[in-house]
Amino acid sequence: MDLKLKIWRQANANSKGELKDYNISDVSEDSSFLEMMDQLNEELIEKGDEPVAFDHDCREGICGMCSMHINGEPHGPENETTTCQLHMRKFKDGDTIYVEPWRARAFPVMKDLVVNRDAMDRVIQAGGFVSVNTSGNTLDANAIPVPKANADEAFNAATCIGCGACVAACPNASAMLFVSAKVSQLALLPQGQVEAKDRVLNMVNQMDLEGFGNCSNVGACAEECPKGISLENIARMNREYLSASISSEK
Ligand code: SF4
Ligand code: FES
């Protein structure tokens, strides 16, 4: 396949970026989108040009690093698929492909397609964990029975890979789907109950401090989420938040 690429190039966080044109030939339809970007970078390096900076790690749809806006969609055109799992056969010979970084105030561009997603880490640090007694008397997690329906829902929420596509897809740059998946994953389990109230209050508070927008029920987050995280998690987080707010006022 021969393709035209329009790729966002930005030297650093303070410089003004712009879309630059590249032509690439002989792209295998069996290569992944990232392998196509590798091919482009090898050609740029051979010519003495600066390669395009982009994030990636596992290339297996697990780590959530491959954050690219492809033709206006986070992770590109295929449903429930990360950029690293997207194949070039989804495009046609002669296509023009736009490649841009996530766009959100809380995700400043660091270089080219790389954005800083520390804000999501700080939301997790605010409460996305269960404190465990490691004194030697730790209770085996399997000793506490969990209803099957709750275990399944908790597992589904836990498949969120923290990629930030939900934020990038949302016109308000809201992180509600991500935060609600992390809240739900623990709220559904007995082990998560002890810290449940502080967790949801602190995580939502941190989400607001980081500059993510508010949810206005557009639903683009769930539409573009590569892991199929459901809007039901947002409804659950809102219930958890309301109940925690009321009891903290008593
Ligand atoms: S909810 Fe989906 S889109 Fe948002 S961070 Fe998690 S996996 Fe990515
Ligand atoms: S590189 Fe890990 S999810 Fe894409």
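Fair warning: this is a prediction, and the values are worked out from it, not measured in the lab.

Colleague: Even after reading the chapter, I still don't get helix H6 (residues 196–209), so can you show me in this structure?
Modeller: Since there are 3.6 residues in each turn of an α-helix, residues three or four apart along the chain are aligned in direction. Its 14 residues place the ends of H6 20 Å apart at the C-alpha level, agreeing with the 20 Å of an ideal helix rising 1.5 Å per residue. Along H6, the positions that sit buried rather than exposed are Arg199, Val200, Met203, Val204, Gln206 and Met207. All buried residues of H6 fall inside an arc of 160 degrees around its axis, so they share one side. Buried residues belonging to H6 abut helix H2 (118–125), helix H5 (176–187) and helix H8 (232–249). Once H6 finishes, glycine 211 follows within two positions and takes phi at roughly 90 degrees, a positive value.

Colleague: How should I be thinking about the site of ligand 1 in this particular structure?
Modeller: Inspection of the region around ligand 1 gives 15 residues, with Cys160, Cys163, Ala165, Cys166 and Cys225 positioned closest. The set of elements that each furnish at least two residues to the shell around ligand 1 consists of helix H4 (165–169) and H5. Tallying contributions element by element places H5 first for the shell around ligand 1, with three residues. Residues belonging to the shell around ligand 1 are distributed by class as follows: 11 nonpolar, three polar and one charged.

Colleague: What is the right way to look at the environment of serine 15 in this model?
Modeller: Following the sequence through the fold, serine 15 ends up in the loop between strand S1 (3–9) and strand S2 (18–24). For the pair serine 15 and lysine 111, spaced 96 residues apart in sequence, the C-alpha to C-alpha distance is 9.1 Å.

Colleague: Sorry if this is basic, but what is going on with the sheet that holds S2 here?
Modeller: The strands making up a sheet associate through backbone hydrogen bonding, with each pair oriented either parallel or antiparallel. On the basis of which strands lie adjacent, the open sheet formed by five strands has the order S2-S1-S5-S3-S4 and mixed pairing. Only two strands of the sheet have a single neighbouring strand rather than two, namely S2 and strand S4 (73–74). Relative to S2, S1 is paired through seven bridges, and the arrangement is antiparallel. Bridging across to S2, lysine 4 finds its partner in asparagine 23. Relative to S2, helix H1 (residues 33–46) is tilted by about 85 degrees, and along the sheet it contacts S1, S2 and strand S3 (69–70).

Colleague: What am I meant to see in unusual backbone geometry here?
Modeller: The phi angle of most residues is negative, glycine excepted, and most peptide bonds adopt the trans form. Even without a glycine there, the phi angle at aspartate 26 is positive, about 55 degrees. Looking at the secondary structure, you find aspartate 26 in the loop between S2 and H1. In this structure, alanine 173 is a non-glycine residue whose phi angle is positive, near 50 degrees. Topologically, alanine 173 is positioned in the loop between H4 and H5.

Colleague: What should I look at first to understand the domain arrangement of the chain in this one?
Modeller: Many structure descriptions define interface size as the accessible area lost when the parts assemble. Taken domain by domain, the chain comprises domain 1 (3–111) and domain 2 (117–249). Between domain 1 and domain 2, the residue contacts involve 18 residues of the former and 18 residues of the latter.

Colleague: Looking at this model, I keep getting lost on the packing of H5 against H6. Mind explaining?
Modeller: Any two packed helices are characterised by how steeply their axes cross, that is the angle between the axes, and by the distance between the axes. For the pair H5 and H6, the least separation of the axes is 11 Å and the interaxial angle reads 175 degrees. One finds that H5 runs roughly antiparallel with respect to H6. For the pair formed by H5 and H6, the contact residues are Val179, Lys182, Val183, Leu186 and Ala187 on the first element and Ala196, Arg199, Val200, Met203, Val204 and Met207 on the second. When its residues are assigned to classes, the contact of H5 with H6 shows nine nonpolar, no polar and two charged.

Colleague: I would appreciate a short explanation of the environment of lysine 20 in the present structure.
Modeller: Relative to the helices and strands, lysine 20 is located in strand S2. Of the residues examined, lysine 20 has 12 C-beta atoms within 10 Å and is grouped as exposed. When near neighbours in sequence (up to four residues on either side) are disregarded, lysine 20 contacts Ile7 and Arg9.

The rules behind the values
Residues numbered from 1 in each chain as written. Chains lettered and ligands numbered in written order. Predicted model: local features only at pLDDT ≥ 70, side-chain atom pairs only at ≥ 80, totals over all residues. Helix = DSSP H or I, 4+ residues; strand = E, 2+ residues; numbered from the N terminus. Expected span 1.5 Å × (residues − 1). Buried ≥ 20, exposed ≤ 12 C-beta atoms within 10 Å, placed from the backbone. Arc of directions from axis to C-beta. Contact = placed C-beta atoms within 7 Å. Near = placed C-beta within 6 Å. Nonpolar A, V, L, I, M, F, W, Y, C, P; charged D, E, K, R; others polar. Pairing = 2+ DSSP bridges. Axes fitted to C-alpha atoms, helices over the stretch in contact; angles between N-to-C directions. Domains from an automatic or database assignment. Parallel < 35°, antiparallel > 145°, perpendicular 65-115°, else oblique.

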